[in-house]
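Read off the chains here:
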Amino acid sequence: MTIHHIVLYKFKPEATPEQRQSVKDSASALGSQIPAIQSLITGETVYNALGHGYDAGVIFLFESVAKLNEYRPHKAHLDYQAFSAPYIEGADKLIFDIETA
């Protein structure tokens, strides 16, 4: 079983290109900071009329729900959330988890 933890977000209009890149780089670094993460990918949205305006996203892979639950309270994850919060529209995040065999 693999858990896909998918996070889509919108940047605040005032976020500079450098701040946006810093948020994406920080998300990418979580893979080396949190052992529970099996792998992750980050990227910017490719235009889609049904995309609801999300700018970027991260897909994390975990080997189990238990590993996902280890990730959520991890200090590196909480630090990332605090770091990225000033640049991301808080109410416009979409987070969901799916399980695959």
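Our structure's up above, just so we're on the same page.
Parameters and conventions
- Residue positions within a chain follow its written sequence, with the count starting from 1.
- The predicted origin of the model limits local features to residues at a pLDDT of at least 70 and limits the giving and counting of side-chain atom pairs to 80 or more, whereas totals for whole chains, interfaces and linings rest on all residues.
- Side-chain metrics rest on all non-hydrogen atoms present in the structure, leaving aside hydrogens and water.
- Secondary structure elements are taken from DSSP: a helix is a run of H or I of four residues or more, a strand is a run of E of two residues or more, and numbering for both begins at the N terminus.
- Each residue is placed in one exposure class: buried if its accessible area under a 1.4 Å probe, protein chains only, is under 20% of its type's maximum, exposed if it is over 50%, and partly exposed if it falls in between.
- Here a residue-residue contact requires only that any non-hydrogen atoms of the pair lie within 4.5 Å.
- In this analysis, strands are considered paired if DSSP registers two or more bridges between them.
- For helices, the fitted axis covers only the stretch in contact; all axes are lines through C-alpha atoms, and the angles between them, taken along N-to-C directions, range from 0 to 180 degrees.
- Only protein atoms enter the 1 Å grid, on which a cavity is a set of points fitting a 1.4 Å probe that cannot get out and a pocket is an open set with protein on both sides within 12 Å along at least 5 of 7 lines, lining residues being those with an atom within 4 Å of a point.
- Grid points are joined across faces, edges and corners, and a volume is the space filled by probe spheres set on the points.
- In these notes, a set of buried Ala, Val, Leu, Ile, Met, Phe, Trp, Tyr and Cys residues joined through side-chain atoms within 4.5 Å is what counts as a nonpolar core.

Focus on the overall build of the protein chain
- The number of helices and strands found in the protein chain is three helices and four strands.
- Order of helices (α) and strands (β) in the protein chain, N terminus to C terminus: β-α-β-β-α-α-β.
- Over its C-alpha atoms, taken along the principal directions, the protein chain stretches across nearly 40 × 30 × 20 Å.
- Put simply, the protein chain has 101 residues, and 34% of those count as buried.
- Once local pairs closer than 6 in sequence are excluded, the contacts in the protein chain between residues at least 24 apart make up 76%.

Here we look at the sheet that holds strand β2 (residues 39–44)
- Reading across the sheet, the four strands line up as β2-β3-β1-β4 and stay open at both edges, with antiparallel pairing between neighbours. Unpaired on one side and paired on the other, β2 and β4 (94–100) mark the two borders of the sheet. The sheet shows a mean angle of 15 degrees between the axes of neighbouring strands, direction not considered.
- Where strand β1 (residues 2–9) and β4 come together, seven bridges link them in antiparallel fashion. By the bridge assignment for β4, L8 is matched with L94.
- Against the sheet, helix α1 (residues 17–33) engages β1, β2 and β3 (56–62), with an angle of about 170 degrees to β2.

Topic: the side chain of H77
- With respect to the element layout, H77 can be found in helix α3 (residues 75–84).
- Here H77 is in contact with L30, I34, Y71 and R72, once residues within four sequence places are set aside.

Considering the layout of surface pockets
- Computed from the structure, the largest pocket encloses a volume of approximately 190 Å³.
- Lining the largest pocket are 14 residues, with V7, H77, Y80, Q81 and K93 sitting closest to its centre.
- Mapped onto the lining of the largest pocket, the elements with two or more residues apiece are β1, β3 and α3.
- If you tally residues by element for the lining of the largest pocket, the top one is α3, at four residues.

Some remarks on the nonpolar core
- Core analysis: the biggest nonpolar cluster contains 22 residues, and Y9, F11, L30, I37, F60 and F62 have the highest contact counts within it.
- In terms of residue count, the dominant contributor to this core is β3 (four residues).
- Apart from the residues lying within four places of it in its own chain, the contact partners of Y9 are V23, K24, Y54, D55, A56, G57, V58, Y80, I88, D92 and K93.

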